[in-house]
Amino acid sequence: MMQAVVGQWLQELKNRDYTTWALTLAMIGLIVFGGFKGYSHYIQSRERAAQLAMSEAFEEYDHAMYQLVEGDQSKEVVQQKLEDAHLGFDQVIHSHKNSNLVASAHAFEADIYWYEGKKEQALDSMEKALKSLKKSPLTYVLKTKYALLKMETDRLEEGLVDLQQLALDEKNPNADTAAFYLGYYYWSNKDEAKAREAWSILEKFDGSKGVKRGMSPWLPVAQMKMSLVS
């Protein structure tokens, strides 16, 4: 099931650039892990107001992203949608400072800045997200996202180092995602040797008996790509 979903997703994304692919991955991970963590914590009374504000902000964000993808609205309309999303996430950040949702609000706001072409502000928002993050399964998702964003700026080497560390971190439950994108970077830049080295990390996630980590959906994708240049 998961492999079929990943395959379909890759097919849809094949004509997009690396930045969009990286951001899409990070946001999917953020939404999935945020939702998983959400229902066990945000139902608490102190989080209800923040959850409502976050829900409204995400709705504006979703509208803005839809308009960006569809491209059937004027730049002015899309910009207004982005501004509305900004205001929504700012409301969460400033009015619910002690909420578990603040880190996610900063992370989503980083996407808005990125799509506005404000890369420095996007990186700054990611730093704030990580600083405000409490113990959460979002930790490694956001660290991976931050590394990917760095790689699309003049901090490429720093981002690659971060991504490699995340891929090799035994405590990282999403190490396979970091390994895949590390290899994908080298593969897209025609460095087959380094791509193979990075993707060899995925062999730890082959689902074999006795291996703690299950099958990674990225393993067959990496294997397929390497078969094209073998």
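Residue numbering note: each chain is counted from 1, following its sequence as written. pLDDT decides what is reported in this predicted model: residues at 70 or higher carry local features, side-chain atom pairs at 80 or more are listed and counted, and totals for whole chains, interfaces and linings draw on all residues regardless. Each side-chain value is worked out from all heavy atoms of the structure, with water and hydrogens disregarded.

Describing the nonpolar core
The tendency in soluble globular proteins is for nonpolar side chains to be buried as a group.
Here's step 1: Each nonpolar core is a collection of buried residues, namely Ala, Val, Leu, Ile, Met, Phe, Trp, Tyr and Cys, held together in the definition by side-chain atoms within 4.5 Å. Note on exposure labels: buried denotes an accessible area under 20% of the residue type's maximum, exposed denotes more than 50%, and partly exposed covers the range between, all computed with a 1.4 Å probe on protein chains only. Membership of the largest hydrophobic core comes to 26 residues, with the highest contact counts inside it found for Leu163, Phe180, Trp199 and Leu202.
Here's step 2: Runs of E in the DSSP output that reach at least two residues are strands. Runs of H or I that reach at least four are helices, and both are numbered from the N terminus. Of all elements in the fold, only helix 7 (138-151), helix 8 (156-168), helix 9 (175-188), helix 10 (192-199) and helix 11 (218-227) reach the threshold of two or more residues within this core.
Here's step 3: By the convention used here, residues are in contact when the closest approach between their heavy atoms is within 4.5 Å. Ignoring any residue separated from it by four or fewer positions in sequence, one finds Trp199 in contact with Ala179, Phe180, Gly183, Tyr184, Trp187, Ala222, Lys225 and Met226.
Here's step 4: Counting 17 residues, the second largest nonpolar core, distinct from the first, contains Ala57, Ala64, Met65 and Ala85.

Remarks on the side chain of Gln67
Here's step 1: Here Gln67 shows up in helix 3 (residues 45-70).
Here's step 2: Leave out the neighbours within four places in its chain, and Gln67 touches Asp72, Gln73, Val78 and Lys81.

Describing the packing of aromatic side chains
Here's step 1: Pairing of aromatic side chains requires ring centres within 6.5 Å, counting the rings of Phe and Tyr and the six-membered ring of Trp. Pairs whose planes differ by under 30 degrees are stacked, by over 60 edge-to-face, and all others tilted. As enumerated under the stated definition, the model contains 13 aromatic pairs in all.
Here's step 2: Centre to centre, the rings of Tyr61 and Phe89 are 6.1 Å apart; their planes meet at 70 degrees, and the pair counts as edge-to-face. Separated by 28 residues along the polypeptide, Tyr61 in helix 3 and Phe89 in helix 4 (residues 75-95) bring together distant segments of the chain.
Here's step 3: With 6.3 Å between their ring centres and 65 degrees between their planes, Tyr181 and Tyr184 make a pair best called edge-to-face. With Tyr181 and Tyr184 both in helix 9 and 3 residues apart, the pair spans about one turn of that helix.
Here's step 4: Tyr181 gets classed as buried once you look at its relative accessible area, which sits at 0%.
Here's step 5: By the ring-pair criterion, three or more aromatic residues cluster together here, those being Phe180, Tyr181, Tyr184, Trp187, Trp199 and Trp218.

Observations concerning the packing of helix 6 (residues 119-132) against helix 7
Here's step 1: One way to put it is that helix 6 packs onto helix 7 with a least axis distance of 10 Å and a crossing angle of 160 degrees. By the angle class used here, helix 6 and helix 7 are roughly antiparallel. Here helix 6 and helix 7 pass one another in a crossing that is left-handed. Counted together, Leu123, Met126, Glu127, Ala129 and Leu130 of helix 6 and Thr139, Leu142, Lys143, Lys145, Tyr146, Leu149 and Lys150 of helix 7 form the full contact between these two elements.
Here's step 2: Here the term charged refers only to Asp, Glu, Lys and Arg, the term nonpolar to Ala, Val, Leu, Ile, Met, Phe, Trp, Tyr, Cys and Pro, and the term polar to all other amino acids, Gly among them. Tallied by class, the residues present in the contact of helix 6 with helix 7 amount to 7 nonpolar, 1 polar and 4 charged. Whenever a helix is involved, its axis is fitted only over the stretch in contact; in every case the axis is a line through C-alpha atoms, and angles between N-to-C directions fall within 0 to 180 degrees. For this classification, under 35 degrees means roughly parallel, over 145 means roughly antiparallel, 65 to 115 means roughly perpendicular, and everything else is oblique. Handedness of each helix crossing follows the sense of rotation of the near helix against the far helix: counterclockwise by less than a right angle gives left-handed, clockwise gives right-handed.

Side note on the side chain of Thr153
Here's step 1: By the element assignment, Thr153 lies in the loop between helix 7 and helix 8.
Here's step 2: According to the relative accessible area criterion, Thr153 is buried, its value standing at 16%.
Here's step 3: We define a polar contact as two N or O atoms separated by no more than 3.5 Å, with the added condition that, inside protein, one atom must be a possible hydrogen donor and the other a possible acceptor, whereas residues neighbouring each other in sequence contribute only through side-chain atom pairs. A distance of 2.8 Å separates a polar side-chain atom of Thr153 from the backbone oxygen of Lys150.
Here's step 4: Setting aside chain neighbours within four positions, we find Thr153 in contact with Trp114, Lys119 and Leu123.

Quick notes on the pattern of salt bridges
Between side chains of opposite charge, a pair can form as their charged atoms come close.
Here's step 1: By definition, a salt bridge exists where a carboxyl oxygen of Asp or Glu is found within 4 Å of a side-chain nitrogen of Lys or Arg. Taken as a whole, this structure holds 9 salt bridges when the rule is applied.
Here's step 2: Where Asp111 meets Lys145, a salt bridge forms, and the shortest distance between an N and an O atom there is 2.8 Å. Separated by 34 residues along the polypeptide, Asp111 in helix 5 (residues 102-115) and Lys145 in helix 7 bring together distant segments of the chain.
Here's step 3: Among the ionic contacts, a cluster of salt bridges with common partners joins Glu127, Lys150, Arg155, Glu158 and Asp162.

With respect to a nonpolar patch on the surface
Here's step 1: In this scheme, patches are assembled from residues that exceed 30% relative accessible area and form no salt bridge. Like charges are connected within 9 Å, while nonpolar side chains (Val, Leu, Ile, Met, Phe, Trp, Tyr) are connected within 5 Å. The protein chains shown are the only cover counted for residues, whose accessible areas, like all others here, come from Shrake-Rupley with a 1.4 Å probe. Together, Leu68, Val69 and Tyr115 give the surface a local cluster of nonpolar side chains, amounting to about 250 Å² of exposed area.
Here's step 2: Of note, Val69 is situated in helix 3.

Comments concerning the environment of Leu87
Here's step 1: Topologically, Leu87 is positioned in helix 4.
Here's step 2: Separated by 30 residues in the primary sequence, Leu87 and Ala57 place their C-alpha atoms 7.6 Å from one another.

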